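A closer look at the structure
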Amino acid sequence: MHAITPIDASANKSEKYELLIKQAEAIVNSESDLIANMANLTALLKDSFNWFWIGFYRVNTGSNQLVLGPFQGPLACTRINHGKGVCGEVWATGTTQIVDDVNAHPNHIACSALSQSEIVVPVRNEADEIIAVLDIDSDELARFDEVDGKYLQQLVELLK
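Residues numbered from 1 in each chain as written. Predicted model: local features only at pLDDT ≥ 70, side-chain atom pairs only at ≥ 80, totals over all residues. Heavy atoms only, no water.

Where burial is concerned, most of helix α3 (residues 85-93) is hidden: seven out of the nine residues are buried. Gly85, Val86, Cys87, Gly88, Glu89, Val90 and Trp91 are the residues of α3 that are buried. At its buried positions, α3 is contacted by β1 (53-60), β2 (65-72), β3 (79-81), β4 (97-99), β5 (117-124) and β6 (130-138). Positive phi shows up at Gly94, right after α3, with a value of about 75°. (Buried < 20%, exposed > 50% of the residue type's maximum accessible area, 1.4 Å probe, protein only. Helix = DSSP H or I, 4+ residues; strand = E, 2+ residues; numbered from the N terminus. Contact = heavy atoms within 4.5 Å.)

Right, let's get into the sheet that holds β5. Strand pairing in a sheet is mediated by backbone hydrogen bonds. Such pairs are either parallel or antiparallel. Strands sit in the order β3-β2-β1-β6-β5-β4 across an open sheet of six strands; the sheet is antiparallel. In this open sheet, the two edge strands, each paired with only one partner strand, are β3 and β4. On average, adjacent strands in this sheet sit at an angle of 25° to one another, irrespective of strand direction. Alignment of β1 against β2, held across six bridges, turns out to be antiparallel. Looking at β2, one finds that Ile54 is bridged to Gln72. Packing against the sheet, helix α2 (residues 34-49) makes contact with β1, β2 and β6, and its axis sits at approximately 160° to β1. In the packing of helix α4 (residues 146-157) onto the sheet, contacts are made with β1, β4, β5 and β6, and the angle to β5 comes to roughly 30°. (Pairing = 2+ DSSP bridges. Axes fitted to C-alpha atoms, helices over the stretch in contact; angles between N-to-C directions.)

Here we come to α4. Relative to the 16 Å expected for twelve residues at 1.5 Å per residue, α4 spans 17 Å between its end C-alpha atoms, a close match to the ideal helical length. When α4 is considered as a whole, its buried residues turn out to be Asp148, Gly149, Tyr151, Leu152, Leu155 and Val156. Structurally, the start of α4 carries an N-cap: the backbone nitrogen of Val147 is 2.9 Å from a side-chain oxygen of Asp145. (Expected span 1.5 Å × (residues − 1). Polar contact = N/O pair within 3.5 Å; in protein donor to acceptor, adjacent residues only side chain to side chain.)

On to the state of the cysteines. In total, this model carries one disulfide according to the counting rule given. With no disulfide of its own, Cys87 lies 7.7 Å from the sulfur of Cys111, the closest cysteine sulfur. Take Cys87: its relative accessible area is 4%, and that puts it in the buried class. (Disulfide = S-S within 2.5 Å.)

Axis separation between helix α1 (residues 13-29) and α2 bottoms out at 10 Å; the angle between their running directions is 155°. Between α1 and α2, the crossing angle belongs to the class labelled roughly antiparallel. In this structure, the crossing between α1 and α2 has a hand that is right-handed. Together, Lys16, Tyr17, Leu20, Gln23, Ala24, Ile27 and Val28 of α1 and Asn37, Asn40, Leu41, Leu44, Leu45, Ser48 and Phe49 of α2 make up the contact between the two elements. Counted by class, the contact of α1 with α2 contains nine nonpolar, four polar and one charged residues. (Parallel < 35°, antiparallel > 145°, perpendicular 65-115°, else oblique. Left-handed = near helix turned anticlockwise from the far one by under 90°. Nonpolar A, V, L, I, M, F, W, Y, C, P; charged D, E, K, R; others polar.)

To continue, consider unusual backbone geometry. Comment: phi is negative for the bulk of residues other than glycine, and the bulk of peptide bonds are trans. Non-glycine residue Asn50 carries a positive phi angle of around 50°. Positive phi, close to 50°, is recorded for Ala142, a residue that is not glycine. Following the sequence through the fold, Ala142 ends up in the loop between β6 and α4.

In structure tokens:
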């Protein structure tokens, strides 16, 4: 079991992420199971930032869908088609997307009416194939920025 150091509430966002990355490295480096690591990373993110919803959608190539994986938050959509919704778009394009207002996004899938903004980051394996996406929702508009994108990309790199 890992002892997680609480993140100082007065720290700036970058400082919080830097500590979180160190904690995540310790967790991931001692466990080889991808699902277990995804589960612990969602819990670490929830404890650190208390966003509305944090979770992974895993690529299921047989169905050409993303399938719900480990998450923290209320009930979620179970399957997302390739190219559909922000998660499906990130899977299709391979690029992180930040959506300031999900209600204004023409391809957004509303799993919860409380979700207002979103960031989705592709997760790649050693062969550089997308195997999942990290999806994070906030109940506040414009909650995510390039700082979040930078550090969340570093975080999912640990899953390789």
